[in-house]
Amino acid sequence: MASHGARGRSGGRPTLEEVAARAGVGRGTVSRVINGSPRVSDATRAAVEAAVAELGYVPNTAARALAANRTDAIALVVPEPETRFFAEPYFSDMLKGVGAAISDTEMQLLLIFAGSDRERRRLAQYLAAHRVDGVLLVSVHADDPLPDLLAQLEIPAVISGPRSSAETLPSVDSDNYGGGRQAVEHLLSGGRRRIAHITGRLDVYGAQRRIEGYRDALSDAGHEADEALIEAGDFTEEGGRRAMAALLERRPTLDAVFAASDVTAAGARQALREAGRRIPDDVALVGYDDSAIARHMDPPLTSVRQPIEEMGHGMIDLLLTEIADRRPSASRGLERRQMVLATELVPRSSS
């Protein structure tokens, strides 16, 4: 005779609703526990797992996916050329964090590049066929059409950094404004006064926020920003080299540089050395990301650490919640869907 715990109220296999009733939680919470979402308290997880054990509930992955029109796959979409993905530590660290977080679930991860128009058209067709349950978007620019496409297709999505202050999609980011302030305050505390900034791409909201942090830190210390000390970059090494050369030509007496990424700082260092400037004796240099590049640079680079791997974890956390809830985004509060992680200045010999 079968035990009572192995049967649901209907006498057949226990259902998700019966597990929820036994645990005293909602159906969505049970789904999150089963799918491995970390956005569940330990007490709630224990209650759901106890109910699963008592009822003998066994998730049928294939049947569940078919019935719910699920694929058990998540796409990590990078709207950048492959060359940039493999050249910049930011992307590999993000992938590492996402991969570690998803390894505890039943989901498969697909890596998709969409840096060209042809790749974007192909991706749009792929997504329109609903071959994935959700999408992680990394390195999103202000005019990128992909977030709006995902919203139209009603595919759950999370982006690594909002496109603007009015972002409606769930996002995970570091405190770019605070990081910009930390870099400048560190340089000011070392006696530097003519501090230049090489920006990231200005169509990236995070780069805009770093500029605001740079400006406000100077202003609060009684030093209004000199616009001739700000030069646009693009997060690349070559962009950093070009920007540094332009800054030296305009303001040869500058005594410090805050670069929007470690890769950019590497390019700036090259231009400084070509100009005969010593680091940090003549010009102090600070980067952003605290990547392996910063640690291995000569001299080692002071950098603002953003917790990129933790950001990857957070993106999976939010996306699994979006997938499990399956409610329109507008019906949920933004406060739990916009995650901002703290930055930390890591001082080294370059400043």
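Before reading further, recall that the structure is shown in the block above.
These numbers were taken from a predicted model, which means no experiment stands behind them.

It is at 7 Å that the axes of helix 9 (residues 176-189) and helix 10 (residues 205-220) come closest, and there the two elements cross at 40°. By the angle class used here, helix 9 and helix 10 are oblique. Between helix 9 and helix 10 the crossing geometry is right-handed. Taken together, the residues of helix 10 that come into contact with helix 9 (itself represented by N176, Y177, G180, R181, V184, E185 and L188) are G206, R209, R210, E212, G213, Y214, D216, A217, L218 and D220.

Pairs can form between side chains of opposite charge whenever their charged atoms are close. Summed over the entire model, instances satisfying the criterion amount to 24 salt bridges. Between E88 and R84 there is a salt bridge, with its nearest N and O atoms 2.6 Å apart. For R84, a relative accessible area of 14% puts it in the buried group. In this structure, E231 engages R250 in a salt bridge whose closest nitrogen and oxygen atoms are separated by 2.9 Å. Here E231, found in strand 7 (residues 230-231), pairs with R250, found in helix 11 (residues 237-250); they are 19 residues apart in sequence, far enough to count as distant. Each of the salt bridges in this network shares a partner with another, and the network as a whole consists of D234, E238, R241 and R242.

Backbone torsion omega between I279 and P280 reads 5°, so that peptide bond is classified as cis. Secondary-structure assignment places P280 in the loop between helix 12 (262-274) and strand 9 (284-289). In this structure, the amide linkage connecting D298 to the following residue, P299, adopts the cis form with an omega of -5°. Among the secondary structure elements, P299 is positioned in the loop between helix 13 (292-296) and strand 10 (302-305). The phi dihedral of D290 is positive, around 55°, even though this residue is not glycine. Mapped onto the secondary structure, D290 falls in the loop between strand 9 and helix 13. Given the relative accessible area of 13%, D290 is considered buried.

Below, the discussion takes up helix 8 (residues 146-153). Among the residues making up helix 8, those that are buried are L146, P147, L149 and L150. Looking straight down helix 8, one finds that the buried residues subtend no more than 160° of arc, so they occupy a single side. Elements in contact with the buried residues of helix 8: strand 1 (73-78), helix 7 (117-128), strand 3 (134-137) and strand 4 (157-159).

It is worth spelling out the environment of V98 at this point. Looking at the element boundaries, V98 is found in helix 6 (residues 89-102). What makes V98 buried here is its relative accessible area of 0%. Along the sequence, V98 and G312 sit 214 residues apart, while their C-alpha atoms lie 4.4 Å from each other. In this structure V98 touches L109, L136, G312 and I316, once residues within four positions along its chain are discounted.

Now for the sheet that holds strand 10. Strand order in the open sheet formed by six strands is 7-6-8-9-10-12, and the pairing between neighbours is mixed. Looking at strand neighbours, the two that pair on one side only are strand 7 and strand 12 (344-346), the edges of this open sheet. Two elements, strand 8 (residues 256-259) and strand 9, share three bridges in a ladder whose sense is parallel. Bridging from a neighbouring strand, F258 pairs with V286 of strand 9. Sheet strands in contact with helix 9 are strand 6 (195-198), strand 8, strand 9, strand 10 and strand 12, and its direction is about 160° off that of strand 9.

Leftover empty space is mapped by rolling, across the atoms, a probe with the size of a water molecule. By the definition in use, this model includes two cavities of 30 Å³ or more. Within this model, the largest cavity holds a volume of roughly 360 Å³. As for the largest cavity, its lining consists of 26 residues, of which Y90, V204, R210, F235 and Q306 are closest to the centre. Looking at the lining of the largest cavity, the elements that each hand over two or more residues are helix 6, helix 10 and helix 12. Considering each element in turn, the lining of the largest cavity owes the most residues, four residues, to helix 10. Along the lines of polarity and charge, the residues of the lining of the largest cavity split into 12 nonpolar, eight polar and six charged.

Here the focus is the packing of aromatic side chains. Considering all chains together, one arrives at six aromatic pairs under this definition. Centre to centre, the rings of F85 and F91 are 5.5 Å apart; their planes meet at 35°, and the pair counts as tilted. For the pair F85 and F91, one class covers both residues: buried. Ring geometry for F85 against F113: centres 5.1 Å apart, planes inclined by 80°, an arrangement best described as edge-to-face. Note that F85 is positioned in helix 5 (residues 82-87) and F113 in strand 2 (residues 108-113), a separation of 28 residues in sequence. We note that F85, like F113, is buried. Linked through ring pairs, F85, F86, Y90, F91 and F113 together constitute an aromatic cluster. Its guanidinium or amino end placed over the ring of Y288, R210 lies 3.7 Å from that ring's centre, counting from NZ or CZ.

Cut-offs and rules
- Residues numbered from 1 in each chain as written.
- Predicted model: local features only at pLDDT ≥ 70, side-chain atom pairs only at ≥ 80, totals over all residues.
- Heavy atoms only, no water.
- Axes fitted to C-alpha atoms, helices over the stretch in contact; angles between N-to-C directions.
- Helix = DSSP H or I, 4+ residues; strand = E, 2+ residues; numbered from the N terminus.
- Parallel < 35°, antiparallel > 145°, perpendicular 65-115°, else oblique.
- Left-handed = near helix turned anticlockwise from the far one by under 90°.
- Contact = heavy atoms within 4.5 Å.
- Salt bridge = Lys/Arg side-chain N within 4 Å of Asp/Glu carboxyl O.
- Buried < 20%, exposed > 50% of the residue type's maximum accessible area, 1.4 Å probe, protein only.
- Arc of directions from axis to C-beta.
- Pairing = 2+ DSSP bridges.
- 1 Å grid on protein atoms, 1.4 Å probe; cavity = no way out; pocket = protein on both sides within 12 Å on 5 of 7 lines; lining within 4 Å.
- Points joined across faces, edges and corners; volume = space filled by probe spheres on them.
- Nonpolar A, V, L, I, M, F, W, Y, C, P; charged D, E, K, R; others polar.
- Phe/Tyr/Trp six-rings, centres within 6.5 Å; stacked < 30°, edge-to-face > 60°.
- Lys NZ or Arg CZ within 6 Å of the ring centre and 35° of its normal.

From the geometry alone we can't say anything about function, so treat these as descriptive.
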